[in-house]
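# Observations on the three-dimensional arrangement
Listed below are the residues making up each chain.
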Amino acid sequence: MDELLAKVQSLDAQYTMQTYKRLPVAFTRGSGTRLWDSAGREYLDMVGGLGVTVLGHCHPAVTEAICEQAARLVHTTNLYYVEPQAELAQLLVEKTFPGSRCFFANSGAEANEGAMKLARKYHFTRGGGRDKIVCLLGSFHGRTLATMSATGQPSKWQPFSPVMPGFAHVPVNDVGALERAVDAHTAAVVLEPIQGEGGIRPLSDKYLQAARAACDSTGALLITDEVQSGMGRTGTFYAAQVSGVVPDVITVAKGLANGVPAAAFLARGEFGEVLAPGDHGTTFGGGFLACAAALATVRTVLEQDLAGNAGRVGGTLASRLKSMVGAVPGVSEVRGRGLMLAVQLESDVARRVVELGLEKGVIFNDVSPSAVRMLPALTLSEEDAMKAADVLEEVLRGTDL
Ligand SMILES: Cc1ncc(COP(=O)(O)O)c(C=O)c1O
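Residues numbered from 1 in each chain as written. Predicted model: local features only at pLDDT ≥ 70, side-chain atom pairs only at ≥ 80, totals over all residues. Heavy atoms only, no water.

## Observations concerning the overall build of the protein chain
Let me state the cut-off plainly: The helix and strand labels rest on DSSP assignments: H or I over at least four residues marks a helix, E over at least two residues marks a strand, and numbering proceeds from the N terminus. It is over C-alpha atoms that the radius of gyration is taken, and the globule rule equals 2.2 Å times the number of residues to the power 0.38. Categorising residues by exposure relies on relative accessible area from a 1.4 Å probe, with only protein chains included: less than 20% of the type maximum marks a residue as buried, more than 50% marks it as exposed, and the intermediate range marks it as partly exposed. Whether two residues are in contact is decided by their heavy atoms: any pair within 4.5 Å suffices. Computed with a 1.4 Å probe, the accessible areas rest on the Shrake-Rupley method; for each residue, only the protein chains presented here act as cover. The sign given to each residue is positive for Lys and Arg and negative for Asp and Glu; His and the chain ends receive no count. For the purpose of locating charges, the reference atoms are NZ of Lys, CZ of Arg, CG of Asp and CD of Glu.
Within the protein chain one finds 13 helices and 17 strands. For the protein chain, the C-alpha radius of gyration of 21 Å lies close to 21 Å, the compact-globule estimate for 401 residues. Along the first, second and third principal axes, the C-alpha atoms of the protein chain reach 65 × 55 × 45 Å. Evaluated residue by residue, the protein chain yields a buried proportion of 53% over its 401 residues. Considering only contacts within the protein chain whose residues lie at least 6 apart along the sequence, 72% involve residues at least 24 apart. Counting only carbon and sulfur atoms, one obtains 54% of the accessible surface of the protein chain, whose full area is about 17500 Å². Averaging the locations of the 36 positively and 42 negatively charged side chains of the protein chain gives two centres separated by 3 Å.

## Details of the pattern of salt bridges
Spelled out, the test is: Salt bridges are counted wherever a side-chain nitrogen of Lys or Arg sits within 4 Å of a carboxyl oxygen of Asp or Glu.
A complete count under the given rule lists 20 salt bridges for this structure. Between R212 and D248 there is a salt bridge; the shortest N-O distance is 3.0 Å. Taken together, the positions of R212 in helix α9 (residues 205-218) and D248 in the loop between β10 (221-225) and β11 (249-252) put the pair 36 residues apart, joining distant regions of the chain. Across this residue pair, the class does not change: R212 and D248 are buried. In the salt-bridge network here, residues are joined through shared partners; they are R212, D216, D248 and R268.

## Overview of the site of the ligand
The line we're drawing: Residues are counted as near a molecule or strand when any one of their heavy atoms sits within 4 Å of it. The definition of a polar contact used here is a pair of N or O atoms within 3.5 Å, where within protein one atom must be able to donate a hydrogen and the other to accept one, and adjacent residues in sequence count solely through side-chain atom pairs. Under the scheme applied, nonpolar residues are Ala, Val, Leu, Ile, Met, Phe, Trp, Tyr, Cys and Pro; charged residues are Asp, Glu, Lys and Arg; polar residues are all the others, including Gly.
Close to the ligand lie 13 residues; G108, A109, D225, Q228 and K254 are nearest. The contact in question runs from an oxygen atom of the ligand to an N or O atom on the backbone of A109, over 2.9 Å. Within the side chain of K254, a nitrogen or oxygen atom sits 3.2 Å from an oxygen atom of the ligand. Computed on the free molecule, the ligand has an accessible area of 390 Å², of which 81% lies beneath the protein chains in the complex. With 3 residues, the single largest contributor to the shell around the ligand is helix α5 (residues 108-125). Here the residues of the shell around the ligand are counted per class, giving 3 nonpolar, 6 polar and 4 charged.

## Some remarks on unusual backbone geometry
Across the junction of S161 and P162, the peptide omega takes the value 10 degrees, indicating a cis bond. One non-glycine residue, N173, lies in positive phi territory at about 60 degrees. Mapped onto the fold, N173 is located in the loop between β6 (167-170) and α8 (175-181). Notably, I200 is not glycine yet its phi reads approximately 60 degrees, a positive angle.

## Quick notes on the pairing of strand β5 (residues 132-136)
So the rule is basically this: Here, a strand pair is defined by DSSP locating no fewer than two bridges between the strands.
With respect to burial, β5 is a largely interior element, 5 of its 5 residues being buried. In β5, alternate side chains face the same way, and those of K132, V134 and L136 on one face and I133 and C135 on the other are all buried. As defined by bridge partners, β5 adjoins strand β7 (residues 186-191) across 3 bridges and the pair is classed as parallel. Within the sheet, the bridge partner assigned to I133 lies in β7 and is A188.

## Describing the sheet that holds strand β15 (residues 362-363)
Pairing is mixed in the open sheet, where 4 strands are placed in the order β1-β2-β3-β15. Bordering the open sheet on either side are β1 (27-31) and β15, each of which pairs with just one other strand. Across 4 bridges, β1 lies against strand β2 (residues 34-37) in antiparallel orientation. The residue bridging G30 from the neighbouring strand is L35, located in β2.

## Looking at the packing of aromatic side chains
Rule in force here: Between the rings of Phe, Tyr and Trp (Trp by its six-membered ring), a pair exists once the centres lie within 6.5 Å; its type follows the angle of the planes, with under 30 degrees stacked, over 60 edge-to-face, and the other angles tilted. A ring has a charge above it when a Lys NZ or an Arg CZ is no more than 6 Å from the ring centre and no more than 35 degrees off the ring normal.
For the structure on display, the rule yields 4 aromatic pairs. Ring centres of Y122 and F271 lie 4.9 Å apart, and the angle between their planes is 65 degrees; this geometry places the pair in the edge-to-face category. Residue Y122 is found in helix α5, and its partner F271 is found in the loop between β12 (263-267) and α10 (288-303); the two are separated by 149 residues along the sequence. Both residues of the pair, Y122 and F271, belong to the buried class. The aromatic ring of W36 is capped on one face by R29, whose charged end is 4.2 Å from the ring centroid.

## What to know about the packing of helix α3 (residues 60-72) against α10
For the record, the criterion: Angular values range over 0 to 180 degrees, each being the angle between N-to-C directions of two axes fitted as lines to C-alpha atoms, with helices fitted over their stretch in contact. By definition in this entry, angles of less than 35 degrees are roughly parallel, angles greater than 145 are roughly antiparallel, angles of 65 to 115 are roughly perpendicular, and the rest are oblique. The crossing is said to be left-handed when, going from far helix to near helix, the turn is anticlockwise and less than a right angle, and right-handed when the turn is clockwise.
Orientation of α3 relative to α10, taken along the N-to-C sense of each, is 155 degrees, at an axis distance of 8 Å. In terms of axis orientation, α3 runs roughly antiparallel to α10. Where α3 crosses over α10, the handedness of that crossing is right-handed. Listed contacts from α10 to A61, V62, A65, I66, Q69 and A70 of α3 are F288, L289, A292, A293, A296, T297 and T300.

## Quick word on the side chain of H57
Looking at where H57 falls in the secondary structure, it is placed in the loop between α2 (48-51) and α3. Side chain to side chain, H57 and D45 meet in a polar contact 2.7 Å long. Discounting residues that sit within four places of it in the chain, H57 has contacts with G30, S31, G32, R34, L35 and D45.

## Digging into the packing of helix α12 (residues 350-359) against helix α13 (residues 382-397)
The contact between α12 and α13 brings their axes to 10 Å, and the two run at 120 degrees. The angle between the axes of α12 and α13 places the two elements in the oblique class. Between α12 and α13 the crossing geometry is right-handed. Each of V353, L356 and G357 in α12 lies in contact with α13, whose residues at this interface are V391, L392, V395 and L396.

Quick look at the structure:
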């Protein structure tokens, strides 16, 4: 084992809370879809920092924006005007809900918290505070107390109970259950158009449309959490677009600034006017560095039509992966859209698949014990997509599994 990795592992073991099951590798350099570890070994990165590095590692436009901004001014807070924040707001709002407004936060969880606060205040100011937020089983919305309570995976909240009151969970793609749960007490429905941490599980168009209709008939807000599925990852800028459904609030984070922590929630029409001075705030959110990086990222995604590339390359990759179902032992299903994909296995060997992939120079993620996830850069070439699929097949056919 190389010295740097040994040193980092020993420091980590002694000084950090042991909340992560890390793989035995320390990356020291990245470029595009490639990472290099502390021993100088090259890897094809099919995880992209968990769907964050949409432009690939160290994209020149983002590096330049960060360096230029860091040399000029890094932080002043929202007590004052912040030029790149205002420009980013214009770009995102015009792309999302023209004529509306957004708020900048630092993480996906914070964006979701803000969106849910907005929904509650909307009903509060209309004279009827509503005490219920409807979420989906299998969902993931973050690790704060409220977003953890919204998350439809008991394993994420059980040790930290009691959860916050007021969250109801309904099964994915069950229109009847959703319609029964959404009523005059519902402040909002919160859903991921494609569940990410839940194992890459797309909601049907019919279900998204039913969620919109249930919100319209009860006055609840529809909040789509596009933290993982947004920024072009699924072939369109937002995953919900293909269903024709227009939500009231959209949350984004991960891919927004290509790795610099940044998040936002955008609210349509009258919902953009709900939060007033003193209602919500953040010390770091919308800072110079994050917004400069996000401006460079979003402009590049749009100018180079990276959503289009994600759709095309992701489609080819998905076809190749689907050809393994029934042909490669242990592969039962392929889920997802664009470059947000998961290969479902028949047994709990996903971690072993990831370890063997790493040994062969391709980085995958075990989103569950039995599913392998891919969230690579949206710049991925077809050649690299095929390379990843070939290595996955080799691992799955191998005798080491
Ligand atoms: C859909 C979704 N929402 C929210 C979050 C939480 O984001 P963060 O880890 O930035 O707080 C995640 C993280 O994986 C996510 O996938």
